[in-house]
Amino acid sequence: MTRASAFSPKTPKAQSGGAGNFLRGSLGAGLAIGARTAGALLLGKLLAVYGGPGGLTLLAHFQNLMALFTTLPNDGVHVGFTKYAAPLRPGSGRYQSWLGAAVVLNLAALVAGALVLAVGQAPLVGMFRPSVAWLAGFGLGLAGLVANTLLTAALLAAGRLRAYVGLTVLLSALSVGAVALALYAQWPVENVLLTYLLAQALVVAPTALAARRVGIQLPGWGPVSRPALVALSHFLLMALSTLVFGKAVDFALRAVLVREFGLAQTDLWQAVAKLSDNYTMVFAALMSSVYYPRLAALSAQPQAQGAYVRSILLLLMPVLAAGLGLLYLVRSWLLPLLFEEQFAAAGFLLPPQLLGDWARFLTWVLLYLLVAQARVGRYVAVQAGSAVLYAGLLAVCLPRYGLLGAPIAQAVRYGVLLLTCGLYFRRTLTASVHD
């Protein structure tokens, strides 16, 4: 046995539970997802009504900024940690090796982020007119948030869904309450948004307590497993591709729209994008808390893994179509309800947005296979190709269609990506049926 193979996950004993297992897990996570959704909706409403002109766009820009600095830990280190730690007993030697490596890589990502912020302060945070104190609070908030999400990933990998639910409810309540109080005190929007981040970071304390109760605790100073660092670094590379070809592109697109159309007009597009963000958050929570841990646990059983993915796709295709279609039917009162009356004018942006999101969600289900199998090169290639296609589509669609060009470009992008991924994974999805 090689040194690296000693850190490979154990073969899971459980067989694929298919769509039924996914639905049971989804119901278990329903309260947490409901709390996050309600919190996001309230947050958007507060900023749309009390945040002044462009408040909704500034909120989205700040959340996108947070994502730029947390993508490497959340979409890389924590995803890899879940894959390798899920079959292990919390607190065991091998488990602590993975956790220690995750801590080291998270610290490296935060330090790299601080350096990037120091060099590119104007394009990154110039819109928020930051002071030194604001920047310090931003860095502190990010560190607390990353620590919280690592411990939350550890709880999910250990199957502690009940603790995850309680902590998610607490995080949503604290963040919305903090924003409401800051707006009531008539703080500047940039300080309101910083308060939103710091409130989320505070949840690391109860999360650490919940983790300790089940034997999960951050390791102290000591040697770090090199094989674990190398293995998790593969996931870090995949997250880097998501950051460069996904989050950074979204951040740049919003800046371009603000420059070309102004804050008020961009708010219309942002209302539709924020609605998309809200149900995307629900879907992403299901994927990360129910779908991916199960998919990772089946890594040693490729036929069962393929059958599981196929059953989820067959379940989600009609369910997503029905849900997104319903949103379109109620658009005339939903947008004013969630934001303000003038946002009803954004309804014309919804058809391509909803179609693109349907294709995007199904594509995610397939791309998680590359993540679970740690196929770094192919995952990076998909992200790069998708970003290049999107940039080209935006260059054509924005001058021709104005604001409508943004969701049109996304719909075409994910339609092409879904077709490509479907063709690539066709053998994986059908082998479990015929073999």
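Our structure is the block above this text.
Residues numbered from 1 in each chain as written. Predicted model: local features only at pLDDT ≥ 70, side-chain atom pairs only at ≥ 80, totals over all residues. Heavy atoms only, no water.

(A) Region of the structure containing the overall build of the chain. On a plain count of helices and strands, the chain comes out with 16 helices and zero strands. Taking 435 residues into account, the globule formula puts the C-alpha radius of gyration at 22 Å, and the chain, at 21 Å, falls close to it. In terms of principal-axis extent, the alpha carbons of the chain reach across some 60 × 50 × 40 Å. Going through the 435 residues of the chain one by one, you find that 53% of them count as buried. For the chain, the proportion of contacts with a sequence separation of at least 24, taken over those separated by at least 6, is 83%. Carbon and sulfur atoms make up 67% of the accessible area of the chain, which amounts to about 19,000 Å² in all. Charge separation in the chain, taken as the distance between the mean sites of 29 positive and 10 negative side-chain charges, equals 19 Å. (Helix = DSSP H or I, 4+ residues; strand = E, 2+ residues; numbered from the N terminus. Rg over C-alpha atoms; globule rule 2.2 N^0.38 Å. Buried < 20%, exposed > 50% of the residue type's maximum accessible area, 1.4 Å probe, protein only. Contact = heavy atoms within 4.5 Å. Areas by Shrake-Rupley, 256 points an atom, 1.4 Å probe, with all protein chains shown as cover. Lys, Arg positive; Asp, Glu negative; His and termini not counted. Charge placed at Lys NZ, Arg CZ, Asp CG, Glu CD.)

(B) View of the side chain of Ser386. Tracing the backbone shows Ser386 in helix α14 (residues 376-401). Those residues in contact with Ser386 that lie beyond four places of it in its chain are Arg413 and Leu417.

(C) Expanded view of the environment of Thr280. Within the secondary structure layout, Thr280 lies in helix α10 (residues 226-297). Of the residues examined, Thr280 reaches a relative accessible area of 10% and is grouped as buried. As for Thr280 and Asp357, which are separated by 77 residues in sequence, their C-alpha atoms are 8.2 Å apart. Contacts of Thr280, omitting those with residues within four sequence positions, involve Arg360, Phe361 and Trp364.

(D) Representation of the pattern of salt bridges. In the structure shown here, the tally under the stated rule is three salt bridges. Between Arg259 and Glu260 there is a salt bridge, and its shortest N-O distance comes to 3.7 Å. Of the two residues, Arg259 and Glu260, both sit in the exposed class. The closest approach of N and O atoms between Asp357 and Arg360, which form a salt bridge, is 2.6 Å. With Asp357 and Arg360 both in helix α13 (residues 350-372), this residue pair falls three residues apart, about one helical turn. Like Arg360, Asp357 is buried. (Salt bridge = Lys/Arg side-chain N within 4 Å of Asp/Glu carboxyl O.)

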